[in-house]
Amino acid sequence: MPYPENAPIEEWLAQETPEDVLEPDLPIIDPHHHLWDMRGLPAPWEQKVYLCEEMSEEIRASGHNVVQTVFAQCGAFYRADGPEEMRCVGETEFVHGVAAMSRSGRYGDARLCTGIFSAADLRLGKAVEPVLQAHIAASANFRGIRTGFPADLDAEYREGYAMLGKYDLSFDNYSPDYERLPALAKLAAAHPEVPVIVNHLGGKIDPDADQGTIARWQACIDSLAGCPNVVMKCGGAQQRVGRSWEPPFHMYHRAEGPLSSEELCDMLYPFYRHAIETLGPDRCMFESNFPVDKESVSYRTLWNLMKRIASKMGLSEGEKTSLFSGTAARVYRLPPATSGA
């Protein structure tokens, strides 16, 4: 059902002329999207309601062959009662229900949320173990957590982080500050048993940045290369960072209408190329980061952008498979990448 709270973003995106879908049969696993209901909350994102029906329709209308998705932590539907450290388990409980709705087939062929990563406070040290156990009990699709890491990686935090390895869980990380990536690389090297997934090309992506800033971002990406347990999500470059910074093609104030996939490719290609060349396609995955990136690009145009990047890089079919589905399936331990999984 349409929600009036979503009208501004839908009206802005409706200005674009839908592109022809590139490579419509290419299987895609979208390894990073959110679900939420932010009506009445002081949320920074323009899409206020984004649930099973909205995500399923996004995929159907795009024309791309998105076969599975992974839900990304966003603080959705935490429990309103119980111990504070356990309230985050409500997010996994909610998303497990969405996965069941999707698996019924009533919302289309794509299977939503075959992988789930939520939150847990690793600063609890060993005391985080019951939280992780509760997430695992809440859904067989639970695969790991996303949370920040402190500047001082003290013994208690490391004990909490080690619990991820004990339960075969992964660690997703995002900060707009890419200067934190070398510290993350050290943490990953100290715990090679924990898969580390760096979100959104490692930090804020500004196509207007000067060469010195871009060179520093490149150096921070390079710091991850020697850690085989680290993979990169290539996307998120269209997002606003909090309330303070917008990319030049964002719907607020800076763009009259959505850009085409060709225009976005011209602006963003160097960032994607460097990340993919540095880590390799088998350690990278394209992502949508919807509905956050929806404030700059439609779902159809975004996946056309990813396909243009792969084509411009001259990637082989095997390398494309890694970027569009294979890496995500391996890292998040998903079912085979076919519709109806």
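Residues numbered from 1 in each chain as written. Predicted model: local features only at pLDDT ≥ 70, side-chain atom pairs only at ≥ 80, totals over all residues. Heavy atoms only, no water.

Overview of the overall build of the protein chain
Thinking step 1. Each helix and strand in the protein chain was counted, giving 10 helices and 10 strands.
Thinking step 2. The C-alpha radius of gyration of the protein chain comes to 19 Å, within 12% of the 20 Å expected for a compact globule of 341 residues.
Thinking step 3. For the protein chain, the C-alpha atoms occupy an extent of roughly 55 × 45 × 40 Å along the three principal directions.
Thinking step 4. When burial is assessed residue by residue, the protein chain has 57% of its 341 residues classed as buried. (Helix = DSSP H or I, 4+ residues; strand = E, 2+ residues; numbered from the N terminus. Rg over C-alpha atoms; globule rule 2.2 N^0.38 Å. Buried < 20%, exposed > 50% of the residue type's maximum accessible area, 1.4 Å probe, protein only.)

A word on the sheet that holds strand E7 (residues 170-173)
Thinking step 1. Within the open sheet, the eight strands sit side by side as E1-E4-E5-E6-E7-E8-E9-E10. Their pairing is parallel. A single partner strand is all that each edge strand has here, and the edge strands are strand E1 (28-33) and strand E10 (284-286). Strand-to-strand, the axes of this sheet are offset by a mean angle of 30°, without reference to chain direction.
Thinking step 2. Summarising the sheet, strand E6 (residues 142-146) and E7 pair through three bridges and their orientation is parallel. Bridge pairing in E7 links Gly144 to Ser170.
Thinking step 3. On the sheet, helix H2 (residues 52-62) packs against E1, strand E4 (66-72) and strand E5 (111-118) and is oriented at approximately 120° with respect to E5. (Pairing = 2+ DSSP bridges. Axes fitted to C-alpha atoms, helices over the stretch in contact; angles between N-to-C directions. Contact = heavy atoms within 4.5 Å.)

With respect to the nonpolar core
Considering soluble globular proteins, one finds that nonpolar side chains tend to be buried as a cluster.
Thinking step 1. Phe171 and Phe286 are the most contacted members of the largest nonpolar core, which totals 94 residues.
Thinking step 2. The leading source of residues in this core is helix H8 (residues 261-279), at nine residues.
Thinking step 3. Those residues in contact with Phe286, other than ones at most four positions away along the chain, are Ile29, Pro31, Cys234, Tyr272, Ile276, Trp303, Met306, Ile309, Ala310, Leu323 and Phe324.
Thinking step 4. Ranked by size, the runner-up nonpolar core spans 13 residues in total, among them Ile197, Ala328, Ala329 and Val331. (Core = buried A, V, L, I, M, F, W, Y, C linked by side-chain atoms within 4.5 Å.)

Considering a negative patch on the surface
Thinking step 1. A cluster of like negative charges, contributed by Asp152, Asp154, Glu156 and Glu159, occupies part of the molecular surface.
Thinking step 2. Tracing the sequence through the fold places Asp154 in the loop between E6 and helix H5 (155-166).
Thinking step 3. Residue Asp154 is classed as partly exposed on the basis of its relative accessible area of 35%. (Patch = residues over 30% accessible without salt bridge, like charges linked within 9 Å, V, L, I, M, F, W, Y side chains within 5 Å. Areas by Shrake-Rupley, 256 points an atom, 1.4 Å probe, with all protein chains shown as cover. Salt bridge = Lys/Arg side-chain N within 4 Å of Asp/Glu carboxyl O. Lys, Arg positive; Asp, Glu negative; His and termini not counted. Charge placed at Lys NZ, Arg CZ, Asp CG, Glu CD.)

Digging into the pattern of salt bridges
Any two side chains of opposite charge can pair if their charged atoms end up close together.
Thinking step 1. Tallied over the full model, the rule gives 14 salt bridges.
Thinking step 2. Measuring nitrogen to oxygen at the nearest pair gives 2.6 Å for the salt bridge that ties Arg60 to Glu57. Of this pair, Arg60 and Glu57 both sit in helix H2, three residues apart, roughly one helical turn.
Thinking step 3. With a relative accessible area of 37%, Glu57 lands in the partly exposed category.
Thinking step 4. Here Arg240 and Glu295 are joined by a salt bridge, their closest N and O atoms 3.0 Å apart. Here the residue Arg240 occupies a position in the loop between strand E9 (230-234) and H8, and Glu295 occupies one in the loop between E10 and helix H9 (299-312), the gap between them amounting to 55 residues.

Distances and angles like these do not, on their own, reveal function.
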